[in-house]
Amino acid sequence: MRSPKRVTLFCGHYGSGKTNCAVNYALWLKAQGLPVTLADIDVVNPYFRSRDSEETLRNAGVEVIALPYANSNVDLPALPSEVYGLVQRRDTYAVLDIGGDDRGALALGRFAPYILKENDFDLLDVVNFYRPLTRTPGEALEALREIAASTSLSFTGVVNDSNLGEETTAADVLRTVPMAAEFCRLAGLPLKFTAVRGNLAESVSAAPEVFPIRLQKKPF
Amino acid sequence: MSEKVLMKGNEAIAEAAIRAGCRHYFGYPITPQTELAAYMAKRMPKIGGVFLQAESEISAINMVYGVSSAGKRVMTSSSSPGISLKQEGISYIAGSDLPALIVNVERGGPGLGGIQPSQADYFQATKGGGHGDYHLIVLTPASVQEMADLTALAFDLADRYRMPAMLLADGTVGQMMEPVELPAESAPTVEKPWAVTGTGMARPHNIVNSLYLQPDELERTNFERFERYKQVEENEVRVEEFMTEDADVVVVAFGIAARVSKNAVVAARKQGIKAGLIRPITVWPFPKQAIEKAAAHAKGFISVELSMGQMIEDVKLACACSRPVALCNRAGGMSPAPDQVLDAIINMQGGNE
(Lines give C-alpha, C1' and ligand atoms only; values in the text may rest on other atoms or scores of the structure.)
Protein backbone atom coordinates (compact mmCIF):
# COMPACT_ATOMS: atom_id res chain seq x y z
CA MET A 1 0.00 0.00 0.00
CA ARG A 2 1.26 3.48 -0.78
CA SER A 3 2.43 5.77 2.01
CA PRO A 4 -0.51 6.71 4.22
CA LYS A 5 -1.85 10.25 4.31
CA ARG A 6 -2.23 12.10 7.61
CA VAL A 7 -6.03 11.94 7.30
CA THR A 8 -7.86 9.00 5.71
CA LEU A 9 -11.63 9.21 5.29
CA PHE A 10 -13.79 6.19 4.48
CA CYS A 11 -16.94 7.13 2.61
CA GLY A 12 -19.26 5.09 0.46
CA HIS A 13 -22.64 3.77 -0.36
CA TYR A 14 -24.83 2.61 2.50
CA GLY A 15 -23.66 -0.75 3.88
CA SER A 16 -20.56 -0.98 1.68
CA GLY A 17 -18.34 -1.84 4.66
CA LYS A 18 -16.84 1.52 5.64
CA THR A 19 -16.68 0.69 9.33
CA ASN A 20 -14.85 -2.60 8.85
CA CYS A 21 -12.40 -0.95 6.47
CA ALA A 22 -11.81 2.01 8.79
CA VAL A 23 -11.27 -0.19 11.86
CA ASN A 24 -8.87 -2.51 10.05
CA TYR A 25 -7.01 0.37 8.39
CA ALA A 26 -6.51 2.06 11.77
CA LEU A 27 -5.16 -1.19 13.22
CA TRP A 28 -2.82 -1.53 10.23
CA LEU A 29 -1.47 2.00 10.66
CA LYS A 30 -0.86 1.25 14.33
CA ALA A 31 0.98 -1.94 13.38
CA GLN A 32 3.31 0.24 11.25
CA GLY A 33 4.27 1.99 14.49
CA LEU A 34 2.30 5.17 13.79
CA PRO A 35 0.15 7.08 16.28
CA VAL A 36 -3.49 6.62 15.18
CA THR A 37 -6.86 8.02 16.15
CA LEU A 38 -10.09 6.63 14.72
CA ALA A 39 -13.19 8.81 14.70
CA ASP A 40 -16.65 7.39 14.11
CA ILE A 41 -18.72 10.18 12.60
CA ASP A 42 -21.41 7.93 11.15
CA VAL A 43 -24.59 9.83 11.93
CA VAL A 44 -26.81 7.46 9.95
CA ASN A 45 -26.51 3.91 11.30
CA PRO A 46 -28.23 3.09 14.58
CA TYR A 47 -26.52 -0.30 15.15
CA PHE A 48 -23.21 -2.08 14.32
CA ARG A 49 -20.73 0.73 14.76
CA SER A 50 -16.98 1.35 15.07
CA ARG A 51 -17.77 1.58 18.74
CA ASP A 52 -18.41 -2.18 18.73
CA SER A 53 -14.66 -2.59 18.11
CA GLU A 54 -13.65 0.06 20.63
CA GLU A 55 -12.05 -2.45 23.00
CA THR A 56 -9.99 -4.12 20.25
CA LEU A 57 -8.86 -0.72 19.01
CA ARG A 58 -7.94 0.63 22.43
CA ASN A 59 -6.08 -2.55 23.33
CA ALA A 60 -4.04 -2.14 20.16
CA GLY A 61 -3.24 1.44 21.16
CA VAL A 62 -5.55 3.19 18.72
CA GLU A 63 -7.28 6.23 20.16
CA VAL A 64 -11.03 6.17 19.53
CA ILE A 65 -13.42 9.08 19.21
CA ALA A 66 -16.94 7.69 19.22
CA LEU A 67 -20.21 9.50 18.83
CA PRO A 68 -21.47 10.08 22.35
CA TYR A 69 -24.78 8.42 21.49
CA ALA A 70 -23.72 5.48 19.27
CA ASN A 71 -25.55 2.24 20.20
CA SER A 72 -27.77 4.17 22.60
CA ASN A 73 -31.37 5.27 22.23
CA VAL A 74 -30.50 8.80 21.22
CA ASP A 75 -31.40 9.09 17.55
CA LEU A 76 -29.51 12.38 17.17
CA PRO A 77 -26.92 13.29 14.54
CA ALA A 78 -24.55 14.98 17.01
CA LEU A 79 -20.79 15.04 16.41
CA PRO A 80 -18.22 14.89 19.21
CA SER A 81 -16.17 18.05 19.65
CA GLU A 82 -12.89 16.06 19.66
CA VAL A 83 -13.24 15.56 15.90
CA TYR A 84 -12.41 19.25 15.41
CA GLY A 85 -9.21 18.70 17.34
CA LEU A 86 -8.42 15.62 15.34
CA VAL A 87 -8.52 17.36 11.97
CA GLN A 88 -6.50 20.31 13.25
CA ARG A 89 -3.80 18.73 15.40
CA ARG A 90 -1.14 16.99 13.37
CA ASP A 91 0.48 14.71 15.94
CA THR A 92 -1.60 11.65 15.04
CA TYR A 93 -2.79 9.84 11.94
CA ALA A 94 -6.53 10.26 11.64
CA VAL A 95 -8.95 7.66 10.27
CA LEU A 96 -12.53 8.85 9.87
CA ASP A 97 -15.51 6.54 9.45
CA ILE A 98 -18.16 8.56 7.62
CA GLY A 99 -21.85 7.58 7.55
CA GLY A 100 -23.56 6.01 4.56
CA ASP A 101 -24.73 7.79 1.44
CA ASP A 102 -24.96 11.48 0.76
CA ARG A 103 -26.73 12.15 4.06
CA GLY A 104 -23.86 10.68 6.06
CA ALA A 105 -21.29 12.52 3.99
CA LEU A 106 -22.92 15.86 4.77
CA ALA A 107 -21.42 15.64 8.26
CA LEU A 108 -18.00 15.83 6.65
CA GLY A 109 -18.58 19.34 5.33
CA ARG A 110 -18.00 20.88 8.74
CA PHE A 111 -14.42 19.62 8.81
CA ALA A 112 -13.54 20.02 5.14
CA PRO A 113 -11.88 23.48 5.39
CA TYR A 114 -9.28 22.18 7.90
CA ILE A 115 -8.64 19.01 5.89
CA LEU A 116 -8.25 21.00 2.65
CA LYS A 117 -5.92 23.52 4.29
CA GLU A 118 -3.58 20.78 5.50
CA ASN A 119 -4.00 18.97 2.14
CA ASP A 120 -2.65 15.61 3.29
CA PHE A 121 -5.70 13.38 3.00
CA ASP A 122 -7.25 10.40 1.25
CA LEU A 123 -11.00 10.39 0.71
CA LEU A 124 -11.81 6.81 -0.22
CA ASP A 125 -15.00 5.46 -1.78
CA VAL A 126 -15.71 2.01 -0.39
CA VAL A 127 -17.65 -0.14 -2.85
CA ASN A 128 -19.18 -3.60 -2.53
CA PHE A 129 -20.46 -4.96 -5.83
CA TYR A 130 -22.62 -7.47 -3.93
CA ARG A 131 -24.77 -4.69 -2.50
CA PRO A 132 -28.13 -4.51 -4.29
CA LEU A 133 -27.91 -0.88 -5.44
CA THR A 134 -24.23 -0.95 -6.51
CA ARG A 135 -24.09 -4.18 -8.51
CA THR A 136 -22.34 -2.70 -11.56
CA PRO A 137 -19.57 -0.12 -12.07
CA GLY A 138 -22.21 2.22 -13.52
CA GLU A 139 -24.43 1.98 -10.44
CA ALA A 140 -21.41 2.43 -8.17
CA LEU A 141 -20.53 5.59 -10.11
CA GLU A 142 -24.05 6.93 -9.62
CA ALA A 143 -23.74 6.34 -5.85
CA LEU A 144 -20.29 7.96 -5.78
CA ARG A 145 -21.62 11.06 -7.55
CA GLU A 146 -24.47 11.41 -5.07
CA ILE A 147 -21.97 11.36 -2.21
CA ALA A 148 -19.50 13.65 -3.99
CA ALA A 149 -22.26 16.23 -4.42
CA SER A 150 -22.61 16.58 -0.66
CA THR A 151 -18.96 16.52 0.40
CA SER A 152 -16.74 19.56 0.01
CA LEU A 153 -13.75 17.30 -0.70
CA SER A 154 -12.86 15.36 -3.84
CA PHE A 155 -12.44 11.61 -3.77
CA THR A 156 -8.84 10.43 -4.12
CA GLY A 157 -9.24 6.67 -4.37
CA VAL A 158 -11.39 3.54 -4.34
CA VAL A 159 -11.53 0.59 -1.97
CA ASN A 160 -12.95 -2.60 -3.45
CA ASP A 161 -14.68 -4.20 -0.46
CA SER A 162 -16.84 -6.62 -2.45
CA ASN A 163 -18.02 -9.35 -0.09
CA LEU A 164 -20.92 -11.56 0.97
CA GLY A 165 -20.07 -11.35 4.65
CA GLU A 166 -18.91 -14.56 6.25
CA GLU A 167 -19.90 -16.60 3.17
CA THR A 168 -17.43 -14.80 0.87
CA THR A 169 -15.27 -17.10 -1.27
CA ALA A 170 -12.08 -16.31 -3.17
CA ALA A 171 -14.03 -16.62 -6.43
CA ASP A 172 -16.53 -14.02 -5.18
CA VAL A 173 -13.68 -11.55 -4.67
CA LEU A 174 -11.83 -12.32 -7.90
CA ARG A 175 -15.00 -11.90 -9.93
CA THR A 176 -15.15 -8.23 -8.87
CA VAL A 177 -11.56 -7.35 -9.78
CA PRO A 178 -12.37 -6.31 -13.37
CA MET A 179 -15.50 -4.51 -12.14
CA ALA A 180 -13.40 -2.50 -9.70
CA ALA A 181 -10.93 -1.67 -12.48
CA GLU A 182 -13.77 -0.48 -14.70
CA PHE A 183 -15.24 1.56 -11.85
CA CYS A 184 -11.84 3.21 -11.22
CA ARG A 185 -11.61 4.03 -14.92
CA LEU A 186 -15.10 5.58 -14.98
CA ALA A 187 -14.47 7.56 -11.80
CA GLY A 188 -10.94 8.58 -12.80
CA LEU A 189 -9.62 7.34 -9.45
CA PRO A 190 -6.88 4.89 -8.44
CA LEU A 191 -7.60 1.67 -6.51
CA LYS A 192 -6.30 2.13 -2.98
CA PHE A 193 -6.81 -1.49 -1.94
CA THR A 194 -8.89 -4.64 -2.28
CA ALA A 195 -10.24 -5.53 1.18
CA VAL A 196 -10.25 -9.28 1.75
CA ARG A 197 -11.03 -11.32 4.84
CA GLY A 198 -7.77 -12.54 6.33
CA ASN A 199 -8.29 -16.24 5.61
CA LEU A 200 -8.84 -15.54 1.89
CA ALA A 201 -5.87 -13.21 1.42
CA GLU A 202 -3.57 -15.91 0.03
CA SER A 203 -6.06 -17.40 -2.39
CA VAL A 204 -6.86 -14.00 -3.94
CA SER A 205 -3.27 -12.86 -4.36
CA ALA A 206 -4.10 -12.22 -8.02
CA ALA A 207 -6.23 -9.25 -6.93
CA PRO A 208 -4.49 -5.86 -6.83
CA GLU A 209 -3.36 -4.29 -3.51
CA VAL A 210 -4.80 -7.01 -1.27
CA PHE A 211 -5.51 -5.73 2.24
CA PRO A 212 -6.47 -8.43 4.77
CA ILE A 213 -9.23 -7.48 7.18
CA ARG A 214 -11.06 -9.05 10.11
CA LEU A 215 -14.81 -8.85 10.61
CA GLN A 216 -16.49 -7.91 13.87
CA LYS A 217 -17.87 -10.90 15.75
CA LYS A 218 -21.61 -11.21 16.33
CA PRO A 219 -23.23 -13.32 19.10
CA PHE A 220 -25.71 -14.99 16.68
CA MET B 1 -21.17 -18.12 -9.75
CA SER B 2 -22.99 -16.68 -6.81
CA GLU B 3 -26.34 -15.02 -7.45
CA LYS B 4 -26.39 -13.75 -3.93
CA VAL B 5 -26.33 -10.15 -2.78
CA LEU B 6 -25.37 -8.74 0.60
CA MET B 7 -28.36 -7.00 2.13
CA LYS B 8 -29.68 -5.47 5.29
CA GLY B 9 -32.81 -7.20 6.55
CA ASN B 10 -34.88 -4.10 5.89
CA GLU B 11 -33.66 -3.87 2.29
CA ALA B 12 -34.38 -7.57 1.73
CA ILE B 13 -38.03 -7.03 2.67
CA ALA B 14 -38.30 -4.14 0.23
CA GLU B 15 -36.72 -5.98 -2.70
CA ALA B 16 -38.72 -9.16 -2.00
CA ALA B 17 -41.94 -7.13 -1.91
CA ILE B 18 -41.15 -5.61 -5.29
CA ARG B 19 -40.45 -9.08 -6.68
CA ALA B 20 -43.78 -10.26 -5.27
CA GLY B 21 -45.49 -7.68 -7.45
CA CYS B 22 -45.97 -4.98 -4.82
CA ARG B 23 -45.93 -1.61 -6.60
CA HIS B 24 -47.49 0.47 -3.84
CA TYR B 25 -45.64 1.42 -0.69
CA PHE B 26 -46.81 3.94 1.87
CA GLY B 27 -44.80 4.72 4.95
CA TYR B 28 -43.20 7.14 7.28
CA PRO B 29 -39.56 6.95 8.42
CA ILE B 30 -38.72 5.57 11.86
CA THR B 31 -35.56 3.91 13.20
CA PRO B 32 -34.72 0.99 12.96
CA GLN B 33 -36.91 0.42 9.87
CA THR B 34 -35.95 3.42 7.74
CA GLU B 35 -33.81 1.55 5.18
CA LEU B 36 -36.96 -0.19 3.95
CA ALA B 37 -38.60 3.11 3.06
CA ALA B 38 -35.31 4.49 1.68
CA TYR B 39 -34.93 1.46 -0.58
CA MET B 40 -38.50 1.80 -1.84
CA ALA B 41 -37.92 5.51 -2.50
CA LYS B 42 -34.98 4.63 -4.75
CA ARG B 43 -36.50 1.62 -6.54
CA MET B 44 -40.21 2.34 -7.00
CA PRO B 45 -39.86 5.34 -9.34
CA LYS B 46 -37.59 3.29 -11.61
CA ILE B 47 -40.16 0.50 -12.08
CA GLY B 48 -43.33 2.54 -12.36
CA GLY B 49 -44.35 1.91 -8.77
CA VAL B 50 -45.54 4.27 -6.08
CA PHE B 51 -43.46 5.28 -3.09
CA LEU B 52 -45.23 7.77 -0.95
CA GLN B 53 -44.04 9.18 2.33
CA ALA B 54 -47.31 9.96 4.01
CA GLU B 55 -47.76 12.80 6.48
CA SER B 56 -48.26 10.25 9.25
CA GLU B 57 -48.50 6.54 9.95
CA ILE B 58 -52.28 6.88 10.16
CA SER B 59 -52.41 8.29 6.64
CA ALA B 60 -50.08 5.57 5.38
CA ILE B 61 -52.23 2.69 6.65
CA ASN B 62 -55.37 4.27 5.20
CA MET B 63 -53.62 4.56 1.82
CA VAL B 64 -52.90 0.84 2.15
CA TYR B 65 -56.61 0.30 2.84
CA GLY B 66 -57.47 2.16 -0.36
CA VAL B 67 -55.04 0.39 -2.65
CA SER B 68 -55.93 -3.02 -1.26
CA SER B 69 -59.61 -2.28 -1.96
CA ALA B 70 -58.61 -1.86 -5.58
CA GLY B 71 -57.08 -5.34 -5.57
CA LYS B 72 -53.40 -4.44 -5.73
CA ARG B 73 -50.60 -5.81 -3.62
CA VAL B 74 -49.68 -3.10 -1.14
CA MET B 75 -47.65 -2.65 2.00
CA THR B 76 -46.57 -0.32 4.75
CA SER B 77 -43.80 -0.60 7.31
CA SER B 78 -42.83 1.04 10.56
CA SER B 79 -41.39 0.35 13.97
CA SER B 80 -43.25 -0.13 17.25
CA PRO B 81 -44.61 3.37 18.03
CA GLY B 82 -45.60 3.81 14.38
CA ILE B 83 -47.35 0.44 14.35
CA SER B 84 -49.41 1.53 17.35
CA LEU B 85 -50.60 4.50 15.30
CA LYS B 86 -51.66 2.16 12.48
CA GLN B 87 -53.89 -0.05 14.64
CA GLU B 88 -57.20 1.60 13.77
CA GLY B 89 -56.49 1.20 10.07
CA ILE B 90 -55.38 -2.41 10.52
CA SER B 91 -58.67 -3.20 12.24
CA TYR B 92 -60.58 -1.59 9.33
CA ILE B 93 -58.57 -3.62 6.81
CA ALA B 94 -59.26 -6.83 8.74
CA GLY B 95 -62.92 -5.84 9.10
CA SER B 96 -63.14 -5.32 5.34
CA ASP B 97 -61.51 -8.71 4.62
CA LEU B 98 -58.63 -7.17 2.69
CA PRO B 99 -55.11 -8.51 2.17
CA ALA B 100 -52.15 -6.25 2.95
CA LEU B 101 -48.64 -6.52 4.32
CA ILE B 102 -47.67 -4.62 7.45
CA VAL B 103 -44.03 -4.78 8.56
CA ASN B 104 -43.04 -4.06 12.16
CA VAL B 105 -39.29 -3.83 12.81
CA GLU B 106 -39.66 -3.64 16.57
CA ARG B 107 -37.78 -1.35 18.94
CA GLY B 108 -37.80 -1.00 22.69
CA GLY B 109 -40.93 0.34 24.40
CA PRO B 110 -43.42 1.20 25.74
CA GLY B 111 -43.98 4.79 24.68
CA LEU B 112 -41.27 6.37 22.60
CA GLY B 113 -38.98 3.78 24.22
CA GLY B 114 -35.75 3.56 22.27
CA ILE B 115 -34.28 2.57 18.94
CA GLN B 116 -32.59 -0.70 19.95
CA PRO B 117 -34.12 -4.12 19.10
CA SER B 118 -37.13 -5.60 20.88
CA GLN B 119 -39.87 -8.24 20.62
CA ALA B 120 -42.27 -6.54 22.97
CA ASP B 121 -45.02 -6.08 20.36
CA TYR B 122 -45.86 -9.80 20.41
CA PHE B 123 -49.18 -9.28 22.23
CA GLN B 124 -50.09 -6.42 19.92
CA ALA B 125 -49.35 -8.50 16.83
CA THR B 126 -50.90 -11.81 17.89
CA LYS B 127 -53.78 -10.86 20.17
CA GLY B 128 -55.39 -8.04 18.25
CA GLY B 129 -53.79 -4.66 18.73
CA GLY B 130 -56.67 -2.85 17.13
CA HIS B 131 -60.31 -3.15 18.20
CA GLY B 132 -62.71 -5.96 17.45
CA ASP B 133 -62.42 -9.68 16.80
CA TYR B 134 -59.71 -10.24 14.22
CA HIS B 135 -56.35 -11.86 13.58
CA LEU B 136 -53.32 -11.12 11.48
CA ILE B 137 -51.12 -13.83 10.02
CA VAL B 138 -47.88 -13.04 11.85
CA LEU B 139 -44.53 -14.23 10.47
CA THR B 140 -41.26 -13.87 12.38
CA PRO B 141 -38.07 -13.87 10.29
CA ALA B 142 -34.80 -14.90 11.96
CA SER B 143 -32.39 -14.12 9.11
CA VAL B 144 -32.03 -11.72 6.23
CA GLN B 145 -32.91 -14.62 3.89
CA GLU B 146 -36.17 -15.15 5.78
CA MET B 147 -36.91 -11.42 5.65
CA ALA B 148 -37.09 -11.92 1.87
CA ASP B 149 -38.76 -15.35 1.80
CA LEU B 150 -41.42 -14.57 4.38
CA THR B 151 -42.29 -11.30 2.65
CA ALA B 152 -43.22 -13.26 -0.48
CA LEU B 153 -45.13 -15.79 1.61
CA ALA B 154 -46.95 -13.07 3.56
CA PHE B 155 -48.32 -11.49 0.38
CA ASP B 156 -49.43 -14.91 -0.83
CA LEU B 157 -51.17 -15.91 2.40
CA ALA B 158 -52.80 -12.50 2.76
CA ASP B 159 -54.30 -12.77 -0.73
CA ARG B 160 -55.37 -16.37 -0.24
CA TYR B 161 -57.16 -15.82 3.07
CA ARG B 162 -58.21 -12.20 2.43
CA MET B 163 -56.66 -10.93 5.61
CA PRO B 164 -53.75 -8.68 6.55
CA ALA B 165 -50.40 -10.31 7.28
CA MET B 166 -47.66 -8.91 9.45
CA LEU B 167 -43.93 -9.44 9.33
CA LEU B 168 -42.90 -9.15 12.97
CA ALA B 169 -39.16 -8.52 12.92
CA ASP B 170 -36.85 -6.96 15.45
CA GLY B 171 -34.33 -4.19 14.97
CA THR B 172 -31.37 -6.56 14.81
CA VAL B 173 -32.76 -8.65 11.95
CA GLY B 174 -33.72 -5.39 10.26
CA GLN B 175 -30.25 -3.87 10.57
CA MET B 176 -27.91 -6.82 10.15
CA MET B 177 -26.37 -7.72 6.82
CA GLU B 178 -26.25 -11.23 5.36
CA PRO B 179 -26.05 -12.77 1.91
CA VAL B 180 -29.46 -13.33 0.35
CA GLU B 181 -30.74 -15.28 -2.58
CA LEU B 182 -33.63 -13.15 -3.69
CA PRO B 183 -36.91 -14.88 -4.50
CA ALA B 184 -37.98 -15.04 -8.15
CA GLU B 185 -40.55 -12.62 -9.48
CA SER B 186 -44.05 -13.75 -8.58
CA ALA B 187 -47.56 -12.44 -8.98
CA PRO B 188 -50.85 -12.90 -7.16
CA THR B 189 -52.18 -16.42 -7.74
CA VAL B 190 -55.75 -15.74 -6.62
CA GLU B 191 -58.46 -13.79 -8.37
CA LYS B 192 -59.87 -10.76 -6.58
CA PRO B 193 -63.45 -10.51 -7.88
CA TRP B 194 -64.32 -8.35 -4.86
CA ALA B 195 -61.90 -5.57 -5.86
CA VAL B 196 -63.22 -2.08 -6.51
CA THR B 197 -61.97 -1.68 -10.06
CA GLY B 198 -64.90 -0.08 -11.88
CA THR B 199 -67.96 -2.00 -13.04
CA GLY B 200 -67.54 -1.17 -16.73
CA MET B 201 -71.35 -1.10 -16.59
CA ALA B 202 -71.10 -4.89 -16.76
CA ARG B 203 -71.50 -6.00 -13.16
CA PRO B 204 -73.00 -4.83 -9.90
CA HIS B 205 -70.99 -2.51 -7.69
CA ASN B 206 -68.40 -4.02 -5.38
CA ILE B 207 -68.46 -2.51 -1.94
CA VAL B 208 -65.51 -2.68 0.45
CA ASN B 209 -66.59 -1.71 3.91
CA SER B 210 -66.31 -2.59 7.57
CA LEU B 211 -69.57 -0.94 8.66
CA TYR B 212 -72.66 -3.12 9.16
CA LEU B 213 -75.99 -1.48 9.91
CA GLN B 214 -77.57 -4.70 11.19
CA PRO B 215 -75.96 -6.46 14.17
CA ASP B 216 -77.04 -9.93 13.03
CA GLU B 217 -75.33 -9.35 9.72
CA LEU B 218 -72.17 -8.20 11.50
CA GLU B 219 -72.34 -11.27 13.72
CA ARG B 220 -72.62 -13.53 10.67
CA THR B 221 -69.59 -11.86 9.06
CA ASN B 222 -67.58 -12.40 12.23
CA PHE B 223 -68.48 -16.08 12.36
CA GLU B 224 -67.65 -16.54 8.68
CA ARG B 225 -64.34 -14.75 9.15
CA PHE B 226 -63.43 -17.02 12.04
CA GLU B 227 -64.16 -20.07 9.88
CA ARG B 228 -61.40 -18.75 7.62
CA TYR B 229 -59.12 -18.19 10.62
CA LYS B 230 -59.71 -21.83 11.55
CA GLN B 231 -58.42 -22.88 8.13
CA VAL B 232 -55.35 -20.72 8.62
CA GLU B 233 -54.71 -22.36 11.98
CA GLU B 234 -55.08 -25.80 10.43
CA ASN B 235 -53.00 -25.21 7.30
CA GLU B 236 -50.51 -22.42 7.75
CA VAL B 237 -48.52 -23.11 10.93
CA ARG B 238 -44.81 -22.89 10.25
CA VAL B 239 -42.17 -23.92 12.74
CA GLU B 240 -38.54 -25.04 12.82
CA GLU B 241 -37.58 -27.76 15.27
CA PHE B 242 -33.92 -28.18 16.18
CA MET B 243 -32.79 -31.23 18.18
CA THR B 244 -36.18 -31.53 19.89
CA GLU B 245 -36.84 -35.29 19.32
CA ASP B 246 -35.19 -36.41 22.56
CA ALA B 247 -34.93 -33.06 24.33
CA ASP B 248 -35.28 -32.74 28.10
CA VAL B 249 -35.13 -28.97 27.96
CA VAL B 250 -36.94 -27.24 25.11
CA VAL B 251 -36.19 -23.63 24.35
CA VAL B 252 -38.90 -21.71 22.50
CA ALA B 253 -37.76 -18.57 20.73
CA PHE B 254 -38.35 -16.66 17.49
CA GLY B 255 -36.46 -14.05 15.50
CA ILE B 256 -33.08 -12.95 16.80
CA ALA B 257 -33.77 -14.65 20.16
CA ALA B 258 -33.94 -17.98 18.30
CA ARG B 259 -30.49 -17.44 16.78
CA VAL B 260 -28.97 -16.72 20.14
CA SER B 261 -30.86 -19.72 21.59
CA LYS B 262 -29.64 -22.09 18.88
CA ASN B 263 -26.05 -21.33 19.89
CA ALA B 264 -26.98 -22.01 23.52
CA VAL B 265 -28.66 -25.33 22.60
CA VAL B 266 -25.53 -26.45 20.74
CA ALA B 267 -23.38 -25.45 23.74
CA ALA B 268 -25.72 -27.35 26.11
CA ARG B 269 -25.54 -30.50 23.96
CA LYS B 270 -21.75 -30.29 24.15
CA GLN B 271 -22.12 -30.41 27.95
CA GLY B 272 -24.30 -33.50 27.63
CA ILE B 273 -27.60 -31.74 28.29
CA LYS B 274 -30.36 -32.82 25.91
CA ALA B 275 -31.56 -29.38 24.85
CA GLY B 276 -33.66 -28.51 21.81
CA LEU B 277 -35.20 -25.49 20.15
CA ILE B 278 -38.68 -24.85 18.83
CA ARG B 279 -38.64 -21.78 16.63
CA PRO B 280 -42.11 -20.54 15.71
CA ILE B 281 -41.99 -18.98 12.24
CA THR B 282 -45.67 -18.13 12.47
CA VAL B 283 -46.64 -16.81 15.90
CA TRP B 284 -50.23 -16.52 14.75
CA PRO B 285 -51.15 -19.22 14.07
CA PHE B 286 -48.96 -20.42 16.96
CA PRO B 287 -47.29 -23.87 16.59
CA LYS B 288 -49.27 -25.44 19.44
CA GLN B 289 -48.77 -29.00 18.22
CA ALA B 290 -44.97 -28.76 18.26
CA ILE B 291 -45.11 -27.66 21.91
CA GLU B 292 -47.68 -30.33 22.78
CA LYS B 293 -45.53 -33.02 21.17
CA ALA B 294 -42.37 -31.88 22.97
CA ALA B 295 -44.23 -31.77 26.31
CA ALA B 296 -44.53 -35.57 26.10
CA HIS B 297 -40.81 -35.96 26.86
CA ALA B 298 -39.51 -32.56 27.96
CA LYS B 299 -39.14 -31.79 31.63
CA GLY B 300 -39.64 -28.11 30.96
CA PHE B 301 -39.69 -25.22 28.49
CA ILE B 302 -37.80 -21.94 28.41
CA SER B 303 -39.30 -19.00 26.55
CA VAL B 304 -36.50 -16.72 25.37
CA GLU B 305 -37.75 -13.26 24.49
CA LEU B 306 -36.66 -9.66 24.03
CA SER B 307 -39.59 -8.57 26.20
CA MET B 308 -40.90 -8.96 29.73
CA GLY B 309 -42.43 -12.29 28.69
CA GLN B 310 -45.29 -12.36 26.19
CA MET B 311 -44.97 -15.50 24.04
CA ILE B 312 -44.49 -17.44 27.28
CA GLU B 313 -48.29 -17.30 27.73
CA ASP B 314 -48.83 -19.13 24.45
CA VAL B 315 -46.22 -21.71 25.40
CA LYS B 316 -48.01 -22.31 28.72
CA LEU B 317 -51.38 -22.61 26.95
CA ALA B 318 -49.99 -24.95 24.29
CA CYS B 319 -48.65 -27.40 26.88
CA ALA B 320 -51.69 -26.77 29.09
CA CYS B 321 -49.25 -25.89 31.91
CA SER B 322 -48.30 -29.60 32.06
CA ARG B 323 -44.62 -28.63 32.33
CA PRO B 324 -42.82 -25.71 33.98
CA VAL B 325 -42.18 -22.82 31.60
CA ALA B 326 -39.34 -20.49 32.54
CA LEU B 327 -38.65 -17.06 31.11
CA CYS B 328 -35.21 -16.01 29.92
CA ASN B 329 -35.35 -12.44 28.77
CA ARG B 330 -33.86 -9.03 28.27
CA ALA B 331 -35.96 -5.96 27.60
CA GLY B 332 -35.92 -2.32 26.63
CA GLY B 333 -33.61 -2.78 23.64
CA MET B 334 -31.17 -5.27 25.19
CA SER B 335 -30.70 -8.81 23.83
CA PRO B 336 -29.94 -12.02 25.74
CA ALA B 337 -26.45 -13.46 25.18
CA PRO B 338 -26.01 -17.19 24.43
CA ASP B 339 -24.52 -17.65 27.94
CA GLN B 340 -27.65 -16.32 29.61
CA VAL B 341 -29.77 -18.85 27.69
CA LEU B 342 -27.27 -21.62 28.46
CA ASP B 343 -27.52 -20.81 32.18
CA ALA B 344 -31.32 -21.02 31.95
CA ILE B 345 -31.02 -24.43 30.24
CA ILE B 346 -28.66 -25.69 32.96
CA ASN B 347 -31.06 -24.45 35.67
CA MET B 348 -34.03 -26.16 34.04
CA GLN B 349 -32.06 -29.39 33.66
CA GLY B 350 -30.93 -29.33 37.29
CA GLY B 351 -34.27 -28.36 38.78
CA ASN B 352 -37.50 -30.39 38.92
CA GLU B 353 -35.69 -33.73 39.13
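Residues numbered from 1 in each chain as written. Chains lettered and ligands numbered in written order. Predicted model: local features only at pLDDT ≥ 70, side-chain atom pairs only at ≥ 80, totals over all residues. Heavy atoms only, no water.

**Examining helix α9 (residues 255-270) of chain B**
All names here are of chain B.
Then comes step 1: Over its 16 residues, α9 runs 24 Å from end to end, which matches the ideal 22 Å to within 8%, given 1.5 Å per residue.
Then comes step 2: Within α9, the full set of buried residues consists of G255, I256, A257, A258, R259, V260, S261, A264, V265 and A268.
Then comes step 3: At the C-terminal side of α9, G272 shows a positive phi close to 85 degrees. (Helix = DSSP H or I, 4+ residues; strand = E, 2+ residues; numbered from the N terminus. Expected span 1.5 Å × (residues − 1). Buried < 20%, exposed > 50% of the residue type's maximum accessible area, 1.4 Å probe, protein only.)

**Structural notes on the pairing of strand β5 (residues 100-106) of chain B**
Residue and element names in this part refer to chain B.
Then comes step 1: Burial analysis of β5 places 7 of its 7 residues in the buried class, which makes it a mostly covered element.
Then comes step 2: The sheet contact formed by strand β4 (residues 74-78) and β5 spans 4 bridges and is parallel. Bridge pairing in β5 links S77 to V103.
Then comes step 3: For the crossover from β4 across helix α4 (residues 80-95) to β5, the handedness is right-handed.
Then comes step 4: Relative to strand β7 (residues 164-170), β5 runs parallel, the two sharing 7 bridges. In the sheet register, A100 faces β7, and the bridge partner there is P164. (Pairing = 2+ DSSP bridges. Right-handed = clockwise from strand over helix to strand, strands pointing away.)

**Section: the domain arrangement of chain B**
Residues and elements named next belong to chain B.
Then comes step 1: Each assigned domain of chain B is listed here: domain 1 (5-235) and domain 2 (239-350).
Then comes step 2: Each of domain 1 and domain 2 was reduced to a C-alpha centroid, and the two centroids are 28 Å apart.
Then comes step 3: With 32 residues of domain 1 at the contact, the number on the domain 2 side is 27 residues.
Then comes step 4: Roughly 2400 Å² of surface becomes buried between domain 1 and domain 2 when both sides are summed, with 57% attributable to carbon and sulfur atoms.
Then comes step 5: It is Q119, Y122 and T140 that lose the most area in domain 1 upon contact with domain 2, and together they represent 31% of the buried surface on that side.
Then comes step 6: Where domain 1 meets domain 2, there are 4 salt bridges.
Then comes step 7: For K127, the salt bridge is made with D314, and the minimal N-O distance between the two is 2.6 Å.
Then comes step 8: At the junction of domain 1 with domain 2, the criterion picks out 17 residue pairs in polar contact (both at pLDDT 80 or more).
Then comes step 9: Contributions of two or more residues to the side of domain 1 that touches domain 2 are made by α5 (122-126), β6 (137-139), α6 (144-161), β7, α7 (171-175) and α8 (215-235).
Then comes step 10: Its residues assigned to classes, the side of domain 1 that touches domain 2 shows 17 nonpolar, 9 polar and 6 charged. (Domains from an automatic or database assignment. Contact = heavy atoms within 4.5 Å. Buried area = accessible area lost by both parts, 1.4 Å probe. Salt bridge = Lys/Arg side-chain N within 4 Å of Asp/Glu carboxyl O. Polar contact = N/O pair within 3.5 Å; in protein donor to acceptor, adjacent residues only side chain to side chain. Nonpolar A, V, L, I, M, F, W, Y, C, P; charged D, E, K, R; others polar.)

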